[in-house]
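A structural walkthrough
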Amino acid sequence: MIQDLTIGKPEKILWRFCLPLFASVVFQQLYNIADSFIAGKFIGENALAAVGNSYEITLIFLAFGVGCNMGCSVVVSQLFGAKRNRDMKCAVNTAIISTAAICAALMIFGFLGCDWLLNVINTPPETMADSKTYINIYIWGLPFLFFYNIANGIFTALGDSKTPFRFLACSSIANVGMNIFFVVGLDMGVAGLAWATFICQGISCFLAMYVVMARLKYIPTEQKPPLFSYPVFKHIMSIAIPSILQQSSMSISTIIIQSVINGFGPGVMAGYAVSVKLNNMVITAFTTLGNGISNYTAQNLGANKLGRIKSGFSAGCKLVLSISLPVFLLYFFAGEPFILLFMKEPTKIAVNTGIMILKIFSPFYLIVCIKLVADGILRGAGMMGKFMFDTIFDAVIRVALAIFLPTTALGINGIWWAWPIGWVLATILAVSFYRTGKWKNVAANDDVTVI
């Protein structure tokens, strides 16, 4: 269902629009969590470590997919909010063509650079073969990842967050069943996990692209939109490239930190693999809510309703804080059952590592969620330089502390403290940047329009 985000009470609109996005990302994370669960329970600790190790590399490709999503979504949102339907459809066509080219280049890089990437992060010999198998199959599925992200970006740009949720819910549940079938039934090991994800993502991608293209046909235009527009391409890339750099910086920082963690052995790797999946589920959920706020911001910016952007920040903060508080309490006081859920024969070091990470990370969810709301507004408003700076700053601080702090009295726990310190500093920056926006002197009023 297409929804205009430029009318109605901001708090009500954001709750109704963003909650399906939140549910979608929970199901999306089931792909990775299911892989870790099946690997740890039915294959072994080394397989769990290999899947976690591979996941850090897949984040590089995901960064490009998410960047293409945001470039398409923000531009389409702005044009939809401005009622420029022909230009909006041209943006969709241009995004699809440019995404196909980016995906093809990344597949070539992935196949040629797989061994190099695994060696860069100091992958232990006992997890090398499984890590390589998982990544190679993952690369074959990159077209599904990229075009699903484009479809999802178009859906949300048009104010529809429920349709992608339905696709993800079905494919994620199917992925769990196929994981069990391939690993337990056919004894395919780590390869079975990767093929299950490949198949489910492929089906979800085809369905999403079919539905979104069918829906676009019903939006009227006076003339047929161009197949490709270089000015529109530049506009999309002005959003996509900083988003890609932002996502890539976080991925590269995670890879560097993974190389430090790998030096502590498979036990610490396994504990980190589980806890970081649980953590990423939360952070990705908040990021997705921030993406929804980007769409809200972009539509209202296109409609010149700046007062609603300011109201949206307050409403977005209330939304994410209401979600982060119960997650913090759950992870902090009941983290051990979640860690044990993923391990067949858990070692003490793996369990203790996972519990400690959750206890250090979870209290700071109450802070980092505010950053992701501010980031969403900066991105939706096209303030990409400031958006990119605060995120890269976070990544640089995190890497530097993860390397330095283990040499202090904190020991290995110093690695885990790098995350919350980076979050706090980056949140201060992001909120400061938000306050410099063109809406700073506008009253937070639902009906304010600035021309």
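The structure reproduced in this document is the subject of the present report. Starting afresh in each chain, residues are numbered from 1 along the sequence in its written order. The predicted nature of this model means local features are confined to residues of pLDDT at least 70 and side-chain atom pairs, given and counted, to a pLDDT of 80 or more, with totals for whole chains, interfaces and linings taken over all residues. Values reported for side chains reflect all heavy atoms of the structure, with hydrogen atoms and water molecules removed beforehand.

As for the packing of helix α4 (residues 125-140) against helix α7 (residues 190-216)
Inclusion rule: Here an axis means a line fitted to C-alpha atoms, over the contact stretch when the element is a helix, while the angle between two N-to-C directions is reported on a 0 to 180 degree scale. Counting from the N terminus, the helices are DSSP H or I runs at least four residues long and the strands are E runs at least two residues long. Angle categories: roughly parallel below 35 degrees, roughly antiparallel above 145, roughly perpendicular from 65 to 115, and oblique for all the rest. In a left-handed crossing the near helix is turned counterclockwise from the far helix by less than a right angle, and in a right-handed crossing that turn is clockwise. In what follows, residue pairs with any heavy atoms lying within 4.5 Å of each other are defined as contacts. Under the grouping applied here, Gly and all other residues not named as nonpolar or charged are polar, the nonpolar ones being Ala, Val, Leu, Ile, Met, Phe, Trp, Tyr, Cys and Pro and the charged ones Asp, Glu, Lys and Arg.
For the pair α4 and α7, the least separation of the axes is 9 Å and the interaxial angle reads 15°. The angle between the axes of α4 and α7 places the two elements in the roughly parallel class. The hand of the α4/α7 crossing is right-handed. Facing D130, T133, Y134, I137 and W140 of α4, the residues of α7 in contact are V190, A191, L193, A194, W195 and F198. Its residues assigned to classes, the contact of α4 with α7 shows 9 nonpolar, 1 polar and 1 charged.

Concerning the pattern of salt bridges
Here is the rule we go by: Here, a salt bridge means any side-chain nitrogen of Lys or Arg that lies within 4 Å of a carboxyl oxygen of Asp or Glu. For every residue, the accessible area obtained with a 1.4 Å probe (protein chains only) is divided by the maximum for its type, and the residue is called buried under 20%, exposed over 50%, and partly exposed between those limits.
Enumeration over the complete set of coordinates arrives at 7 salt bridges. Across the salt bridge formed by D115 and K132, the nearest N and O atoms sit 3.1 Å from each other. Residue D115 is located in helix α3 (residues 85-120), and its partner K132 is located in helix α4; the two are separated by 17 residues in the primary sequence. Assessed through its relative accessible area of 37%, D115 is described here as partly exposed. Judged by relative accessible area, K132 falls into the partly exposed class, the value being 32%.

A short note on the packing of aromatic side chains
The condition is simple: Any Phe, Tyr or Trp ring, taking Trp's six-membered ring, that has another such ring centre within 6.5 Å forms a pair; planes under 30 degrees apart are called stacked, those over 60 apart edge-to-face, and the others tilted. Two conditions define a charge sitting above a ring: the NZ of Lys or the CZ of Arg must be within 6 Å of the ring centre, and it must be within 35 degrees of the ring normal.
The tally for this structure, following the rule as stated, stands at 23 aromatic pairs. Plain terms: the ring middles of F181 and F182 are 5.5 Å apart, the flat faces sit at 55° to each other, and that makes the pair tilted. Overall, the relative accessible area of 47% leaves F181 in the partly exposed class. Overall, the relative accessible area of 11% leaves F182 in the buried class. An aromatic cluster of at least three residues, connected via ring pairs, comprises Y272, Y331, F338, F361, Y365, W416, W419 and W423. Over the aromatic face of F80 sits the side chain of K83, whose NZ or CZ is 5.6 Å from the ring centroid. Residue placement shows K359 over the ring face of F332; its charged tip is 4.4 Å from the ring centre.

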